[in-house]
Amino acid sequence: MKRVFILRHAKTEAGGPGLHDSERRLLEQGRRAAADMGAYMKKHGYVPDWVACSAAARTVETCSLILPAIKDNIPVVIRPDLYLAEASHLLSVIKSSDNEHGAVMVIAHNPGVAELAMELAAAPTDSLVESRHKRMREKFSTCSLVVLDFNIKQWRSVTKGKGMLTDFMRPRDLAHEAK
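Analysis parameters
Every residue gets a number counted from 1 within its own chain, in the order that chain's sequence is written. In keeping with the predicted nature of the model, local features appear solely for residues at pLDDT of at least 70, side-chain atom pairs appear and are counted solely at 80 or more, and the whole-chain, interface and lining totals rest on all residues. Side-chain measures were taken over the full set of non-hydrogen atoms in the model, leaving aside hydrogen atoms and water. Strands are runs of DSSP state E lasting at least 2 residues, helices are runs of H or I lasting at least 4, and numbering of each runs from the N terminus. Throughout, exposure labels follow a simple rule: accessible area from a 1.4 Å probe, protein chains only, divided by the maximum for the residue type, with under 20% read as buried, over 50% as exposed, and the rest as partly exposed. Residues count as neighbours in contact if any of their non-hydrogen atoms are within 4.5 Å of one another. In this description, a nonpolar core means a group of buried Ala, Val, Leu, Ile, Met, Phe, Trp, Tyr and Cys residues linked to one another through side-chain atoms lying within 4.5 Å. For two strands to pair, DSSP has to find at least two bridges joining them. Angles run from 0 to 180 degrees between N-to-C directions of axes, and those axes are lines fitted to C-alpha atoms, restricted for helices to the stretch in contact. Patches here are clusters of residues that have more than 30% relative accessible area and form no salt bridge, with a 9 Å joining cutoff for like charges and a 5 Å cutoff for nonpolar side chains (Val, Leu, Ile, Met, Phe, Trp, Tyr). Residue exposure ignores everything except the shown protein chains as possible cover, and the areas themselves are Shrake-Rupley values with a 1.4 Å probe. Salt bridge, as used here: a side-chain nitrogen of Lys or Arg that lies within 4 Å of a carboxyl oxygen of Asp or Glu.

Caption draft 1: Fine view of unusual backbone geometry. A cis geometry characterises the amide bond from N110 onward to P111, with omega recorded as 5 degrees. Relative to the helices and strands, P111 resides in the loop between β4 (103–108) and α4 (112–120). We note that L84 has phi near 55 degrees; this positive angle belongs to a residue other than glycine. In this structure, L84 sits in the loop between β3 (76–79) and α3 (87–95). Exposure remark for L84: the relative accessible area of 45% places this residue in the partly exposed category. Despite not being glycine, C143 shows a phi value in the positive range, around 65 degrees.

Caption draft 2: Local environment of the environment of A85. Its location among the elements puts A85 in the loop between β3 and α3. For the pair A85 and N110, spaced 25 residues apart in the sequence, the C-alpha separation amounts to 8.5 Å. Excluding residues that lie within four positions of it along the chain, A85 makes contacts with L90 and G112.

Caption draft 3: Here's a closer look at the nonpolar core. With 31 residues, the main nonpolar core has I6, V146 and L148 as its most contacted residues. Breaking this core down by element, the ones donating at least two residues are β1 (2–8), β2 (50–54), α3, β4, α4, α5 (127–138), β5 (145–150) and β6 (164–169). Once you skip the residues sitting within four places of it in the chain, V146 turns out to touch V4, F5, I6, A117, M136, F140, L165, D167 and F168. Grouped together as the second largest cluster of nonpolar side chains are 25 residues, L7, A34, C63 and I107 included.

Caption draft 4: Broad picture of the sheet that holds β4. Across the sheet, six strands lie side by side as β3-β2-β4-β1-β5-β6; this open sheet has mixed pairing. Strand pairing shows two members of the sheet lacking a second neighbour, β3 and β6, which therefore form its edges. On average, each strand axis in the sheet is tilted by 15 degrees relative to the strand beside it, whichever way the strands run. As judged from the four bridges shared by β2 and β3, these two strands associate in the parallel manner. Considered in β3, the bridge of C53 is made with I78. Docked against the sheet, α4 engages β1, β4 and β5, running at close to 150 degrees with respect to β1. With respect to the sheet, α5 is in contact with β5 and β6, its orientation differing from that of β6 by roughly 55 degrees.

Caption draft 5: Inspection of a nonpolar patch on the surface at higher detail. A cluster of nonpolar residues, V60, V76 and I78, forms a patch on the protein surface that exposes about 190 Å² of accessible area. Of note, V60 is situated in helix α2 (residues 57–70). Using a relative accessible area of 30% as the deciding quantity, one classes V60 as partly exposed.

Given below as structure tokens:
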């Protein structure tokens, strides 16, 4: 069994003159959402063995707020090639992961992360999974987390449409989750 975590960066400041898109930082709302998502991951035992993170300031900052809430010393590779990467490239990163890792996480940007999550998720088998699919299709907001499980032994076997959508959580849904 292998587990994939896909995370979109948290909410950022607007771009402006002299500020390259990759330099945009998180808003306070985004910092709170990232910390809350880290606490949610810890509560549910969602611990990646390895993280691939886009080199953009907003993804690195999101990563720096989420991972310490989960566990110390999770290996992170900051990758410039993940900045605005397409779903196919994100998938290639997952497929080339070290098979020693049971769970990997990708922190990147839309539309790539949303497209990847929807491509990898298997068709719903029950009303709970259908509800997750529906929410994911409605709005893949900033700091949304997808958890997909694959019944495989090697990362190269990750296949589109074969991931069990174990969880989909958005910051706005965390309040409902807590109740």
